[in-house]
Structures are given as C-alpha cells and as structure tokens.
Amino acid sequence: MYCLARALNLIATNGTRFNVQKVAACGIHHTFAQQGSQSTARYEDKPEFPGSRSRYVHKLEFLDPDSQEGIPVYRVLNREGTIIDESQDPKLSRAIVEKMYHDMTLLNTMDRVLYESQRQGRISFYMTNYGEEGTHVGSAAALDSKDLIFGQYREAGVLMWRGYTLDQFMNQCYGNQNDLGKGRQMPVHYGSRDLNFVTISSPLATQMPQASGAAYALKLQQKGLVAICFFGEGAASEGDAHAALNFAAVLDCPIIFFCRNNGYAISTPTKDQYRGDGIAARGRGYGIPTVRVDGNDVFAVYNATKAARDICLTQNRPVLIEAMTYRIGHHSTSDDSSAYRSVDEVSYWDQQDNPITRLRHFMVLQKWWNDDAEQNWKMESRKMVMKAFAEAEGRKKPSPDSMFHDVYTDMHPSLKEQMQAMKKHVTEHKEHYPLEQYDKMT
Ligand SMILES: Cc1ncc(C[n+]2csc(CCOP(=O)(O)OP(=O)(O)O)c2C)c(N)n1
Ligand SMILES: [Mg+2]
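The structure reproduced in this document is the subject of the present report. Predicted model, so just to flag it, every value in this text is computed and none were measured.

**What to know about the pairing of strand β4 (residues 255-261)**
Put simply, side chains in a regular strand alternate between the two faces of the sheet. Judged by how many residues are buried, β4 sits mostly within the fold: seven of seven residues are covered. Both faces of β4 are covered, namely the face carrying I255, F257, C259 and N261 and the face carrying I256, F258 and R260. Direction of pairing for strand β3 (residues 227-232) relative to β4: parallel, over a ladder of six bridges. Bridge pairing in β4 places C229 opposite F257. As for the winding sense of the linkage, the β-α-β connection from β3 through helix α9 (residues 239-250) to β4 is right-handed.

Quick look at the structure:
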C-alpha cells in the first residue's frame with residue numbers, strides 16, 4: 001500500500017515523468033510500464049534487484065566457463081632463472097636471496113632426514129614439503145614478522161623463514177620435553193606464539209574461519225597487520241573454506257588467503273576435485289581480488305604476496321592467491337603415491353620445474369652462487385640437521401603427569417584425582433613403563 005501511495009503521489013506531482021527508478025525499487029514497476037516509452041526505457045535500463053549490479057540483456061545466453069580462457073599464471077623468473085620482464089624484478093638484496101635459497105634447501109634436507117627417521121620407526125609420522133619450497137619462502141619473505149600466520153600443515157618453510165629453529169622442528173616431531181607443544185600433538189603440528197604462527201590443526205580447513213576472525217580482530221585493532229591463511233586446493237572443498245572466504249569478503253577483513261594448489265588432495269587429482277578453473281576462479285564469486293601465480297617461482301610468489309598485503313591494508317579487504325605448484329613427495333608417511341601417479345609425472349616436476357633449481361640458476365647468473373658454494377652448503381646444512389636430530393632424539397619425553405596441566409587455570413578436583421591415580425598406578429607397576437625415557441613426575 002505504501003508503495004502504491006508513493007507511486008500515485010509521484011504521478012500527481014510529475015505527470016508521466018515520475019521517478020521510475022524509485023517506483024521500481026518498490027516492486028510495482030509493471031503497473032507503470034505502459035505509461036510512455038521514454039520512462040519504460042529508463043527503468044528497464046538497470047535491474048534493481050537487491051544485490052544486483054549489472055544490466056538487462058535480451059538474448060538468452062548461458063555463461064559457459066569452458067568457452068572462457070583460464071586465469072593466467074603470473075611469473076617473474078623463467079625456468080632458466082632469467083627475469084622475463086625487468087619491471088617485475090623484486091630487486092631483492094643478495095643477502096635476502098641467499099636466505100631464500102638457504103631456507104628452501106635446508107627445508108629439503110630436514111625433510112629427507114625426518115622422512116627417513118619415520119621410516120626407521122623413530123618418529124610416528126611425517127609430511128614432506130618437496131616441490132613447494134617456493135610458495136613457503138616467497139610468501140613468508142613478503143610479510144611483516146608480526147602478521148599472523150594460519151597454516152594447514154605443509155608450510156614448514158614459512159616457519160623456518162620466521163626463525164623457528166631446527167631444534168624446535170625436531171623437538172616437535174619427537175614430542176620431547178623441549179617441544180613447545182609439550183608432546184601433545186602429532187609430528188608436523190607446529191605452532192609458535194613468539195613467531196605469530198598459530199598451531200596446526202589436522203581437520204582440514206579448521207584454520208580458515210579462525211583466520212578470517214583473527215583478521216577481523218586485526219582490522220578493529222588497526223595495527224597495520226594482516227592475517228595470512230595457507231590452505232591446500234583440497235581443503236578448499238570444505239564448507240569451512242566457503243564460510244571463511246565469504247565472511248572475510250563481506251566483513252572486509254585484511255587477510256591473504258594463500259592456496260597451495262599442488263595437484264593432489266592425497267590421491268585425488270585436481271581433475272576429480274573441481275570442474276572449474278581452479279581456486280582462483282572462485283575469487284570473483286566471493287568478490288575478492290585474486291591472482292594466480294607460478295608457485296615454483298619464488299620471486300613471483302614474493303611480488304604477489306607483497307602486493308596482496310598492500311591491498312589488504314590500503315583497501316581493508318581480503319585477497320586470494322592461488323599458487324600453482326606440485327607435491328613431489330608422497331602425501332605423508334601414511335601414503336604411497338606410486339599407487340595413483342606415475343614416476344615420470346613426479347620426475348618431470350622434480351627435474352624440469354623445481355623451485356630450488358630455478359632460484360639456483362638465477363643466483364649462478366648473478367655470480368652469487370657456484371658449485372663450490374653448493375657443495376659446502378650441502379655439507380654444512382646436513383651437519384646442522386643431523387646435530388639437531390640427534391639432540392632431539394636424545395632428549396626425554398615430557399613428564400607423564402604434564403598431560404594433566406594446562407587444561408584449566410586451576411586444576412579441577414576430578415582431574416587432580418585422575419592424576420594421583422595415574423601416578424600411583426605407574427609407580428606401583430613401574431617395571432611395565434619405560435619411565436627412564438620420561439622427565440620426572442612432579
Ligand atoms: C575434515 C577432514 N577430512 C579429511 C581429512 C583427511 N585428509 C588429510 S589431508 C587431506 C588432503 C588435503 O589436500 P590439500 O588440501 O590439497 O593439501 P595437500 O595435502 O595437497 O597439501 C585429506 C583428505 C582431514 N584431515 N580432515
Ligand atoms: Mg593439494
């Protein structure tokens with residue numbers, strides 16, 4: 001009734017030149033469609049539906065994603081290590097580039113040792129990062145060290161860049177008394193309050209809505225910081241991924257969603273995961289600025305992350321980066337990827353499109369690196385890894401009663417009772433427990 005009255009009022013005051021747009025917004029525009037060709041044309045110009053921001057068309061056409069070209073892949077370095085377009089050179093100092101290379105290769109060496117140690121039954125589980133080193137180091141290098149990081153699990157290089165030490169990696173994987181997580185997590189579930197890296201959660205996409213919420217908090221605090229959320233293309237199929245992306249977009253949160261598209265979710269190849277143009281194609285649907293980069297090009301990842309961070313802070317909105325890469329290792333030590341992909345496929349990425357090799361080519365061209373440097377670094381880095389490994393293995397496990405701590409600020413009486421019962425039992429039957437491997441009970 002209100003709309004009709006308003007429309008009639010407009011007719012009374014303007015004759016046939018009434019404000020059609022306003023009337024149409026009330027939902028009764030059909031009543032006036034015949035009032036004159038001039039006004040009909042005007043109000044049919046633009047759909048007025050809530051949330052609509054396009055135009056009317058008069059030809060029936062479906063949007064066919066298959067007829068559109070895929071989103072391009074941004075790249076700075078070619079496979080031979082040459083910068084393709086000088087204007088895209090991030091102009092990083094020799095020290096920074098050397099740190100990038102050191103971290104990428106150190107990660108590789110650490111992976112090899114820890115993978116083998118799981119195979120020998122010394123730790124329970126491990127996940128390697130082979131092939132994805134460029135996505136880790138390129139993104140981490142472009143962040144402020146106070147930016148808050150939410151990882152999935154295959155981002156050890158990000159932590160390494162931040163300063164998580166070999167000792168800390170090893171202590172966590174061994175769950176020993178020096179582990180920051182006090183031995184309460186599976187291996188590779190790292191976390192560090194000091195380094196602003198939120199502890200890894202196994203259930204896929206757990207970190208995504210948490211990261212959006214944290215980014216919202218960062219926005220309210222106005223400290224000039226962003227959150228970055230790493231996730232795999234497989235995790236992007238979770239409902240939580242949708243919630244995270246949509247909330248961040250609608251609430252204008254300063255967050256970088258960094259998707260590592262490595263071709264597989266365990267044994268499921270991308271062609272069986274989605275029908276569209278990868279994860280980047282979803283950015284438009286959420287209204288999020290998006291870029292797809294060559295994840296095996298550490299400079300491209302660096303430039304994209306740096307620019308994404310600027311967008312987050314200057315425009316107060318999320319950005320989506322899809323970094324294309326390849327998981328060269330098995331999914332984890334619980335997986336044998338030879339059951340679902342060929343050796344040739346894996347060795348192609350390892351030999352022909354490897355992020356470490358590409359960066360090394362660049363450094364050699366700059367005369368910053370050579371075979372001698374490579375040999376020396378290989379020996380030195382392996383020594384560092386083996387030292388940390390041996391020390392972590394030799395350390396005791398946390399005391400058995402430590403598992404009762406940190407649940408409540410003041411221990412709940414029922415929990416206290418359970419702790420006493422456990423202590424009594426273990427003390428009375430100590431011949432069945434390898435207590436010498438554990439820190440003393442309090
Ligand atoms: C909710 C949930 N479902 C299933 C799993 C088992 N799972 C662990 S990793 C993984 C694949 C994830 O693939 P992707 O996100 O692409 O990461 P990638 O391992 O390739 O780095 C699956 C299915 C899980 N951890 N959580
Ligand atoms: Mg994957």
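Here the narrative resumes.
**A short note on the coordination of the magnesium ion (ligand 2)**
Within the protein, E233 (OE), E233 (OE), N262 (OD1) and Y264 (O) serve as the donor atoms for the magnesium ion (ligand 2), at 2.1 to 2.7 Å. One can describe the donor arrangement at the magnesium ion (ligand 2) as irregular, given that its six donor atoms subtend angles of 50 to 174 degrees at the metal. Motif for the magnesium ion (ligand 2), donor spacing along one chain: E-x28-N-x1-Y. Of the two residues, E233 is situated in the loop between β3 and α9 and Y264 in strand β5 (residues 264-265); the sequence distance between them amounts to 31 residues. What makes E233 buried here is its relative accessible area of 1%.

**Digging into empty space enclosed by the protein**
As enumerated under the stated definition, the model contains one cavity of 30 Å³ or more in all. Estimates place the volume of the largest cavity at around 40 Å³. Forming the walls of the largest cavity are F150, G151, V198, T199, I200, S201, Q207 and Q210. Per-class residue counts for the lining of the largest cavity are three nonpolar, five polar and no charged.

**Points about the pattern of salt bridges**
Counting across every chain of the model gives 23 salt bridges. Of the charged contacts, one joins R75 and D294 as a salt bridge, the two residues approaching to 2.9 Å between their closest N and O atoms. A residue pair is termed long-range when its members are at least 10 positions apart, and R75 in the loop between α3 (37-44) and α4 (94-119) and D294 in strand β7 (residues 290-294) qualify at 219 residues. Put simply, K182 and D406 hold a salt bridge, and the shortest N to O gap is 2.8 Å. Linking K182 in the loop between α7 (166-174) and β2 (197-198) with D406 in the loop between α14 (371-394) and α15 (413-428), this pair joins segments that are 224 residues apart in sequence. Salt bridges linked by common partners bring R75, R79, D294, D353 and R358 together as one network.

**Considerations on the sheet that holds strand β1 (residues 148-150)**
The strand order across the open sheet built from six strands is β2-β1-β3-β4-β8-β7, with neighbouring strands paired in parallel fashion. A strand with exactly one partner marks an edge of an open sheet, and here the two such strands are β2 and β7. Pairing analysis gives three bridges linking β1 to β3, with the strands arranged parallel. What sits directly across from I149, in β3, is I228. Where helix α8 (residues 207-221) meets the sheet, it contacts β1, β3 and β4, and its direction lies at approximately 170 degrees from that of β3. Packed onto the sheet, helix α11 (residues 298-315) meets β3, β4, β7 and β8 (319-324) and runs at close to 155 degrees relative to β4.

About the criteria used
Residues numbered from 1 in each chain as written. Chains lettered and ligands numbered in written order. Predicted model: local features only at pLDDT ≥ 70, side-chain atom pairs only at ≥ 80, totals over all residues. Heavy atoms only, no water. Buried < 20%, exposed > 50% of the residue type's maximum accessible area, 1.4 Å probe, protein only. Helix = DSSP H or I, 4+ residues; strand = E, 2+ residues; numbered from the N terminus. Pairing = 2+ DSSP bridges. Right-handed = clockwise from strand over helix to strand, strands pointing away. Donors = N, O, S within 2.8 Å, 3.2 Å for Na, K, Ca; no water. Tetrahedral: all angles 85-135°; square planar, octahedral: opposite > 155°, others 65-115°. 1 Å grid on protein atoms, 1.4 Å probe; cavity = no way out; pocket = protein on both sides within 12 Å on 5 of 7 lines; lining within 4 Å. Points joined across faces, edges and corners; volume = space filled by probe spheres on them. Nonpolar A, V, L, I, M, F, W, Y, C, P; charged D, E, K, R; others polar. Salt bridge = Lys/Arg side-chain N within 4 Å of Asp/Glu carboxyl O. Contact = heavy atoms within 4.5 Å. Axes fitted to C-alpha atoms, helices over the stretch in contact; angles between N-to-C directions.

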